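So you can see what is in the structure, the chains are spelled out below.
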Amino acid sequence: MISRRIRSLFGKPALDAEMDLEMRGHLELRTQANIKAGMDPEEARFAAMRQFGWTESIKETCRDQRGVSAIEGWLQDLRFGARVLRKSPGFTAVVVLTLALGIGVNTAMFSVINAVLLRPPPFESPGQLVRIHSTHRERDLSHGPISRPDFTDWQEQCKSFTHMAAYHGQSLNLTGNGEPERLTGMGTSSGFFGTLKVNPQLGRTFLAGEDHGAKVAVLSHRLWTRRYNGDPGMIGKSITLNMISYTVVGVMPASFRFGSDPDLWIPLDNFKMDDRGSRFLSVIGRLQPGVTVEQARAELKTVIERIMSQFTGDVGWGASVVSLREDLTGNIRPALLVLTGAVGLVLLIACANIAGLLFARGAQRSREFAIRAAVGANRIAIVRQLMVECLLLAGLGGGLGIALAAWGIRVFQALAAAKLPAMNAIELDPTVLVCALAGTLFSGLVFGLAPALSLARPDLNEVLKSTGRGNSSGHHRWREILVATQVALSLVLLIGAGLLLKSLGKLRSVPRGFVADHVLTVRLNLPENKYGTAPQRAAFAADAAERVQQIPGVAAVGIAPTLPVTGGLNSFGFSLVGKQHPDPNINLSAEKDAVTPGYFRAMGIPLRKGRTFDSRDAANAGPVLLINESGARRFFPDEDPIGRQIGLGSDRAFTIVGVVADVKQYSLTRQAPPHFYTAFAQDPQDELVLFVRTQGEPLNLASGVRDALRRVDPEQPISGMQTMDAVVDASLAERHFTMLLLGCFAGSALVLTCVGLYGAIANLVNQRTREMGVRLALGAARGDIIRMVLGHGLRLASAGLLVGLVASLALTRAMQTLLYEVRPADPITFLSVSFLLTGVAALACWLPARRAARVDPMIALRSE
């Protein structure tokens, strides 16, 4: 059938010649009959043509019967549509650019959604992989770390899993064969790679017996190629990590990424922490075939209850089991879904804008379509012609939009950095391209169908009697509906962006417990083989702090194990010496930091009661500690904690000498948990962060700090040097990313809406030029004309605002998890954004209103 139609296309000239000859014969016969009836020859010929009918319609009918017009007609419409668009370059450019913006942002956003939310984790049978977290009701903890004894018990007693593995991030100093380098390592149990079912590119992974002190390492492909030039001979060679020799047994493939994407892996047993109250592990598991997440969760709950009945100190602790995909995307999922909805609204606004432009252009072409209908063109032919033009515009806009999406993906990656999982895997893959093409086709149908149906049914009498502007009252009604829709959708986006902006402002002003200005931070790691004793670690910290303090421009220097607002602390169980807490069910555990005396001054942490550390708190002095306000309220609700004693393992009793302000250790949105500070000289650690408060710009002292630390230990890698302001900004990066993108989308929607409103009012002024000329000629003031036009535009905007406010009240509830101390229906945001949009709409209407008031009555009347 199709081949016959294609062959018939090549026979079209012969068919047309045959039909012309036959029709000339019929016309001649009728002409002769009319002459015999008494008509003159010319009149007889015109009468015969009227009786015979429109020849082109007859040709179309004949071609339909011969199977030619279905394909040839589309090709003809395509050629005609291309000529029409080429003759209107300004209109074509505006439509193509508007659609490219909508298609581009949607394609880029869908590529992110596809990579982060839709594409399964790159492991075998990913649906069986789960993450297991500690939970605690009283501490509002849902994704906490797990202790080594708990992991061992779960691994032995839970039957819902084929594999269960634990891992823990660790900084490692790589020395020898080049510059010292600080690496991101991961200690894992021997079943880690087997749980994920991944194989090394070279060598092997860990064996079962290597959980017990084996000094072996598996390199990432990145480290292997960067540091060792991809040398296959690295298998079996030794590398020095934290001054300990490790044998390289394997190299993972380049495609393997998990968690923090470490540089290498070593056996977990190198991190010996067997206290059940010491929680530092992350755990993954692979479910048995046929076992659901709910079943595994129920079994694990039973196991934990059995364990808790034997260890009363673990009261309140539980565990959650979630799929690995959900765990990887849990934090970013709400933000991505909100952004996806936002770009969808931008595309709808773009389509509404283009539809409005098509209605305006259709009003100018209404006479053309009326003449075509009068001479025999049917409605389907006109609709087909207009839809072909729309699809041409959609194709051009879609092609440009895909190019913009490729650039937009790079922008997303730069803005999101490491805050989005699988960000490096985002690309314009076949799935994204197919969806982009489908979106392009859908957009062409959306913005083209309504104008095409409206224009294909012209009022022939009204249009042909008009002087050239065409009858456009129906078109104006459609344009007004579209403009009001754009205003409503823009209001929704602007309110969403306003809520996020206010939320971010609240977060930036929330009390942090420290002063981040003018603080430089440096990460350090003291390898056990070199700093294996407490005096050695304490001496390094004292020497480093003293040398850095001597740098001109340094106001204070302190040392602690971790950075605030980044988490990283472990939970420790303790006891109250000489006292039983009044609530026997309360969990006696807290976070712990070991800090130097200068830490509180360097970080600007206020002292609430008692004193901070000083030279009296040496290694051989009585153990002391400070407690934060949350800990004082929780553990000493009705008494002064100063002088009370805390038991932290072994037989050491630490005396509380001070209470300091709560510090946002995990994030700015989370309440500070109970927190103890011990004196570094009495409890030295191997993971250090140096805090340097400066009198000027912190980064200006970076080289001086680096040189001072090199003098303390030339083999010490110095990494992670950044200001504390940058650390705080990084903790807000995800929220800032969401707000920035939603703000950009809202701004784009506002611009498109203003263009649409301006175009609608300008077209109205153009269509009513004669009316305004008459009004001015009859004595109307120019201010009256401005008020009339401005009032019409503001009525459209008000209708859109009303609909938008109702929609926003319903839709902004989806943003609840993205907001901090801001209600989704915040009245200040709603009113502020409404006034802003009203003002912008008034400006968009005032420009054509001013032009309408300057119409010369005589010129307007003569032009008609």
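Up top is the structure these notes are about.
For clarity, every value in this text was computed on a predicted model and none was experimentally measured.

Parameters and conventions
Per chain, residues are indexed from 1 in the order of the written sequence. The predicted origin of the model limits local features to residues at a pLDDT of at least 70 and limits the giving and counting of side-chain atom pairs to 80 or more, whereas totals for whole chains, interfaces and linings rest on all residues. Water and hydrogen atoms play no part in the side-chain values, which are based on all heavy atoms of the structure. Counting from the N terminus, the helices are DSSP H or I runs at least four residues long and the strands are E runs at least two residues long. Classification of residues uses two cut-offs on accessible area relative to the type maximum, computed with a 1.4 Å probe and protein chains only: under 20% is buried, over 50% is exposed, and between them is partly exposed. Contacts: residue pairs with any heavy atoms within 4.5 Å of one another. Accessible areas in this description were obtained via Shrake-Rupley with a 1.4 Å probe; residue shielding takes into account the shown protein chains only. Strands qualify as paired when DSSP identifies two bridges or more between them. Axes here mean lines fitted to C-alpha atoms, for a helix over just the part in contact, with angles spanning 0 to 180 degrees between N-to-C directions. Counted as positive: Lys and Arg. Counted as negative: Asp and Glu. His and the chain ends are not counted at all. For this document, the term salt bridge refers to a Lys or Arg side-chain nitrogen within 4 Å of an Asp or Glu carboxyl oxygen. For the purposes of these results, a polar contact is taken to be a pair of N or O atoms within 3.5 Å, where, inside protein, one atom must be able to donate a hydrogen and its partner to accept one; residues adjacent in sequence count only when each atom of the pair is a side-chain atom. Pairing of aromatic rings covers Phe, Tyr and Trp, the last counted by its six-membered ring, and requires centre-to-centre distances within 6.5 Å; plane angles under 30 degrees mean stacked, over 60 mean edge-to-face, and any other angle means tilted. Charge-over-ring contacts are defined here by two conditions on Lys NZ or Arg CZ: a distance within 6 Å of the ring centre and an angle within 35 degrees of the ring normal. The sense of a crossing depends on the near helix, which, turned anticlockwise from the far helix by less than a right angle, makes the crossing left-handed and, turned clockwise, makes it right-handed. We call Asp, Glu, Lys and Arg charged. Ala, Val, Leu, Ile, Met, Phe, Trp, Tyr, Cys and Pro are nonpolar, and the rest, Gly among them, are polar. Orientation is classified from the angle alone, with under 35 degrees giving roughly parallel, over 145 giving roughly antiparallel, 65 to 115 giving roughly perpendicular, and any other angle giving oblique. One less than the residue count of a helix, multiplied by 1.5 Å, gives the span that helix is expected to have. Bend at a given residue is defined as the angle between two axes, one fitted to the seven residues that end at that position and one fitted to the seven that begin there. When two cysteine sulfur atoms are found within 2.5 Å, that pair is recorded as a disulfide.

Peer 1: Mind laying out the overall build of the chain, listing which residues take part and the relevant values?
Peer 2: Across its full length, the chain holds 26 helices and 24 strands. Split into buried and exposed, the 864 residues of the chain put 50% on the buried side. Excluding contacts between residues fewer than 6 apart, the proportion of contacts in the chain whose partners are at least 24 apart in sequence is 82%. Carbon and sulfur atoms make up 58% of the accessible area of the chain, which totals about 38,700 Å².

Peer 1: I'd love a proper account of the sheet that holds strand 23 (residues 687-694), names of residues and values included.
Peer 2: Strand order in the open sheet made by the four strands is 14-23-13-24, with antiparallel pairing throughout. Two strands bound the open sheet, and with one partner strand each, they are strand 14 (554-560) and strand 24 (719-723). Direction aside, the axes of adjacent strands within the sheet are offset by 15° on average. Judged from the three bridges that link them, strand 13 (residues 519-525) and strand 24 form a sheet pairing that is antiparallel. Residue pairing across strands places L520 opposite T723, the latter belonging to strand 24. Strands strand 13, strand 23 and strand 24 of the sheet are contacted by helix 20 (residues 702-712), whose axis makes an angle of about 30° with strand 13.

Peer 1: A description of the side chain of R512 should follow, citing residues and the corresponding values.
Peer 2: Along the chain, the position of R512 falls in the loop between helix 16 (473-509) and strand 13. No salt bridge is formed by the buried R512. Its closest oppositely charged neighbour is D725, at 4.9 Å. A distance of 3.4 Å separates the side chain of R512 from the backbone oxygen of R508, its partner in a polar contact. If near-sequence neighbours (up to four positions away) are discounted, R512 is found in contact with D662, V663, K664, L668 and V728.

Peer 1: Any chance you could break down the packing of aromatic side chains for me, citing the residues and the numbers?
Peer 2: All chains considered together, the criterion is met by 19 aromatic pairs. Both rings, one in F123 and one in F256, keep their centres 6.2 Å apart while their planes meet at 65°; by these two values the pair is edge-to-face. Linking F123 in the loop between helix 6 (89-118) and strand 1 (129-136) with F256 in the loop between strand 9 (244-251) and strand 10 (264-267), this pair joins segments that are 133 residues apart in sequence. With respect to burial, F123 and F256 carry one shared label: buried. With centroids separated by 6.5 Å and ring planes inclined at 40°, the aromatic side chains of Y599 and Y677 adopt a geometry described as tilted. Remark: Y677 occurs in strand 22 (residues 675-679) and Y599 occurs in helix 18 (residues 599-603); sequence separation between them is 78 residues. Directly above the aromatic system of Y666 lies the positively charged group of R670, at a separation of 4.2 Å from the ring centroid.

Peer 1: How would you summarise the pattern of salt bridges if you had to cite specific residues and measurements?
Peer 2: On inspection of all chains with the given rule, the structure shows 22 salt bridges. Taking the shortest distance from any N to any O, the salt bridge between R226 and E181 comes out at 2.7 Å. Of this pair, R226 sits in helix 9 (residues 221-228) while E181 sits in strand 5 (residues 181-188), and the two are 45 residues apart along the sequence. The exposure class of E181 is buried, given its relative accessible area of 17%. Note that K609 and D640 form a salt bridge whose closest N and O atoms lie 3.8 Å from each other. In this pair, K609 is assigned in strand 18 (residues 607-610) and D640 in the loop between helix 19 (629-635) and strand 20 (645-647), connecting sequence segments 31 residues apart. Salt bridges here are not isolated pairs; linked through shared partners, they connect R222, R257, D261 and D263.

Peer 1: Describe the environment of P597, with residues and values.
Peer 2: Examined against the element boundaries, P597 turns out to sit in the loop between strand 17 (589-595) and helix 18. Through-space distance from the C-alpha of P597 to that of A681 is 9.3 Å; in sequence the pair is 84 residues apart. Discounting residues that sit within four places of it in the chain, P597 has contacts with F613 and D614.

Peer 1: Could you give an account of the packing of helix 17 (residues 534-549) against helix 20, with specific residues and numbers?
Peer 2: Taken N-terminus to C-terminus, the directions of helix 17 and helix 20 make an angle of 145°; their axes are 9 Å apart at the nearest point. Seen from above, helix 17 lies across helix 20 with right-handed handedness. From helix 17, F540, D543, A544, R547 and V548 reach across to helix 20, where they touch V705, A708, L709, R711 and V712. Each residue belonging to the contact of helix 17 with helix 20 can be placed in one class, and the counts come to seven nonpolar, no polar and three charged.

Peer 1: Go over unusual backbone geometry, please, and point to the residues and values.
Peer 2: Phi at N229 takes a positive value of approximately 55°, unusual for a residue other than glycine. Here N229 lies in the loop between helix 9 and strand 8 (238-241). Since its relative accessible area comes to 68%, N229 is described here as exposed. At N242, a position not held by glycine, the phi torsion is positive, near 50°. Within the secondary structure, N242 is located in the loop between strand 8 and strand 9.

Peer 1: Can you explain the environment of E629? Please cite residues and give values.
Peer 2: Locating E629 in the fold gives a position in helix 19. In contact with E629, not counting residues within four places along its chain, are R608, V659, V660, A661 and D662.

Peer 1: So what about the packing of helix 7 (residues 148-157) against helix 10 (residues 293-308)? Which residues, and what values?
Peer 2: The geometry of helix 7 relative to helix 10 is characterised by a closest axis approach of 10 Å and an angle of 125° between their N-to-C directions. Accordingly, the angle class assigned to the pair helix 7 and helix 10 is oblique. For the pair helix 7 and helix 10, the crossing hand works out as right-handed. Contacts from D150, D153, W154 and Q157 of helix 7 reach helix 10 at E299, L300, V303, I304, R306 and I307.

Peer 1: Give a description of helix 25 (residues 827-853) that names residues and reports values.
Peer 2: The terminal C-alpha atoms of helix 25 lie 38 Å apart, and with 27 residues this matches the ideal 39 Å at 1.5 Å per residue to within 8%. The largest bend along helix 25 measures about 25° and falls at W846, with the proline P848 one to four residues further on.

Peer 1: Lay out the state of the cysteines in plain terms, naming residues and giving numbers.
Peer 2: Evaluation of the coordinates by the stated rule reveals zero disulfides. Counting only cysteine sulfurs, C845 is the nearest neighbor of C754, a cysteine outside any disulfide, at a range of 9.0 Å. On the accessibility criterion, C754 (18% relative accessible area) is buried.

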